[in-house]
Amino acid sequence: MPKAEPRAEPRTEPRAESRAGRNDPCPCGSGKKYKHCCLDKDRAAEMAPAIAQRVALQAQKANQAAQQEETLAALQEAQATWQESQALDAASNAVVDLVHAGRLDEAERAAQALLVRYPEVHDGYDRLGMVHEARGQLREAADCYRKVVEFARANPEDYDPEFVTSFLDLIAKLEASEAEAGRAVNDANDTDRSG
Ligand SMILES: [Zn+2]
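Everything numeric here is computed off the predicted structure, so don't read it as measured data.

Cut-offs and rules
Residues numbered from 1 in each chain as written. Predicted model: local features only at pLDDT ≥ 70, side-chain atom pairs only at ≥ 80, totals over all residues. Heavy atoms only, no water. Donors = N, O, S within 2.8 Å, 3.2 Å for Na, K, Ca; no water. Tetrahedral: all angles 85-135°; square planar, octahedral: opposite > 155°, others 65-115°. Helix = DSSP H or I, 4+ residues; strand = E, 2+ residues; numbered from the N terminus. Axes fitted to C-alpha atoms, helices over the stretch in contact; angles between N-to-C directions. Parallel < 35°, antiparallel > 145°, perpendicular 65-115°, else oblique. Contact = heavy atoms within 4.5 Å. Nonpolar A, V, L, I, M, F, W, Y, C, P; charged D, E, K, R; others polar. Core = buried A, V, L, I, M, F, W, Y, C linked by side-chain atoms within 4.5 Å. Buried < 20%, exposed > 50% of the residue type's maximum accessible area, 1.4 Å probe, protein only. Phe/Tyr/Trp six-rings, centres within 6.5 Å; stacked < 30°, edge-to-face > 60°. Patch = residues over 30% accessible without salt bridge, like charges linked within 9 Å, V, L, I, M, F, W, Y side chains within 5 Å. Areas by Shrake-Rupley, 256 points an atom, 1.4 Å probe, with all protein chains shown as cover. Salt bridge = Lys/Arg side-chain N within 4 Å of Asp/Glu carboxyl O. Expected span 1.5 Å × (residues − 1). Bend = angle between axes of the 7 residues up to and from the residue.

A. Representation of the coordination of the zinc ion. Listed as protein donors to the zinc ion are C26 (SG), C28 (SG), C37 (SG) and C38 (SG); their distances from the metal cover 2.2 to 2.3 Å. Coordination geometry of the zinc ion: the four donor atoms subtend angles of 106 to 113° at the metal centre, consistent with an arrangement described as tetrahedral. Coordination of the zinc ion draws on donor residues from a single chain, spaced C-x1-C-x8-C-C in sequence. On the criterion of sequence distance, the pair formed by C28 in the loop between α1 (16-19) and α2 (39-100) and C38 in the loop between α1 and α2 is long-range, its members being ten residues apart.

B. Spotlight on the packing of α2 against helix α4 (residues 123-134). Packing of α2 against α4 brings their axes to within 10 Å, and their N-to-C directions diverge by 5°. Our classification of the angle between α2 and α4 gives roughly parallel. Side by side, α2 and α4 meet where L88, S92, V95, V96, V99 and H100 of the first sit next to D123, R127, M130, V131 and A134 of the second. Residues of the contact of α2 with α4, tallied by class, amount to seven nonpolar, two polar and two charged.

C. Up close: the nonpolar core. Core analysis: the biggest nonpolar cluster contains 30 residues, and V95, V99 and Y145 have the highest contact counts within it. Mapped by element, the contributors of at least two residues to this core are α2, α3 (104-117), α4, α5 (138-154) and α6 (161-194). Residue contributions to this core peak at nine residues, all from α5. Apart from the residues lying within four places of it in its own chain, the contact partners of Y145 are D126, G129, M130, E133, F167, L170, I171 and L174. Membership of the second largest hydrophobic core comes to five residues, among which are A20, Y34, C38 and L39.

D. Region of interest: the packing of aromatic side chains. Summed over the entire model, instances satisfying the criterion amount to three aromatic pairs. Centre to centre, the rings of Y159 and F163 are 4.8 Å apart; their planes meet at 40°, and the pair counts as tilted. Looking at Y159, the relative accessible area reads 17%, which means it is buried. Here F163 and F167 contribute two aromatic rings whose centre-to-centre distance is 4.9 Å and whose plane-to-plane angle is 50°, an arrangement assigned as tilted.

E. Representation of a nonpolar patch on the surface in the model. A contiguous nonpolar patch, built from M47, I51 and V55 and spanning about 270 Å² of accessible area, is present on the exposed surface. Here V55 is to be found in helix α2.

F. Main features of α3. Taking 1.5 Å of rise per residue, the 14 residues of α3 would be expected to cover 20 Å, and the 19 Å separating its terminal C-alpha atoms lies within 8% of that figure. Where α3 is buried, its residues contact α2 and α4.

G. Highlighting the pattern of salt bridges. Applying the stated rule across the entire model yields seven salt bridges. The residue R146 makes a salt bridge to E175 at a minimum N-O spacing of 2.6 Å. Remark: E175 occurs in helix α6 and R146 occurs in helix α5; sequence separation between them is 29 residues. Assessed through its relative accessible area of 33%, R146 is described here as partly exposed. Taking the relative accessible area as the measure of exposure, E175 reaches 39% and is therefore partly exposed. Taken together, the shared-partner salt bridges in this structure form one network comprising D105, E108 and R135.

H. Up close: α2. In a regular helix each residue adds 1.5 Å, so 62 residues correspond to 92 Å; α2 covers 90 Å between its end C-alpha atoms and thus fits that length. Along α2, the largest kink reaches about 45° and is centred on M47; proline P49 follows within four residues of it. Among all positions in α2, only L39, D42, L88, S92, V95, V96, L98 and V99 are buried. Looking one or two residues beyond α2, the residue adopting positive phi is G102, at roughly 80°.

If you want it as structure tokens, here you go:
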């Protein structure tokens, strides 16, 4: 790559090497031989731009390496997050399968384990609610779903408004069923007393 001479040096001035031989008197007039006087300084001045360029290149390479490392770290973090979310989905789905299979005690233990292992997500409460619902424990189910709603409201950036709405609907239905069941029991008691 052709490199322009430093501007400070006039074009007409010959290069240091050709200006004076190593054993000639130094052009600076010191009376010393050039090699014992200004030769090193002149050489250093000649080489300075090339050295500066090399240093700049090394800095650029170091910068690129650092950027690559940053990118790699970000990728690894994304992968770890993805794997964790896959594991969570699998564990969460396993509870659903257990509920559908009617294995409710196992499902409850699995849901409790979800709560312990993934306290930063709502899934444990959601699944525990499903277990209670499957057992007909409507009030307990509604309590779990209320925790889900609480969770979503505390982390609005992670949840759609529809998510909260759907759980509120579910809670309202459970409460209505619970109230109806309560009335039915009261009616039965009334009938018993009257009969
Ligand atoms: Zn000199």
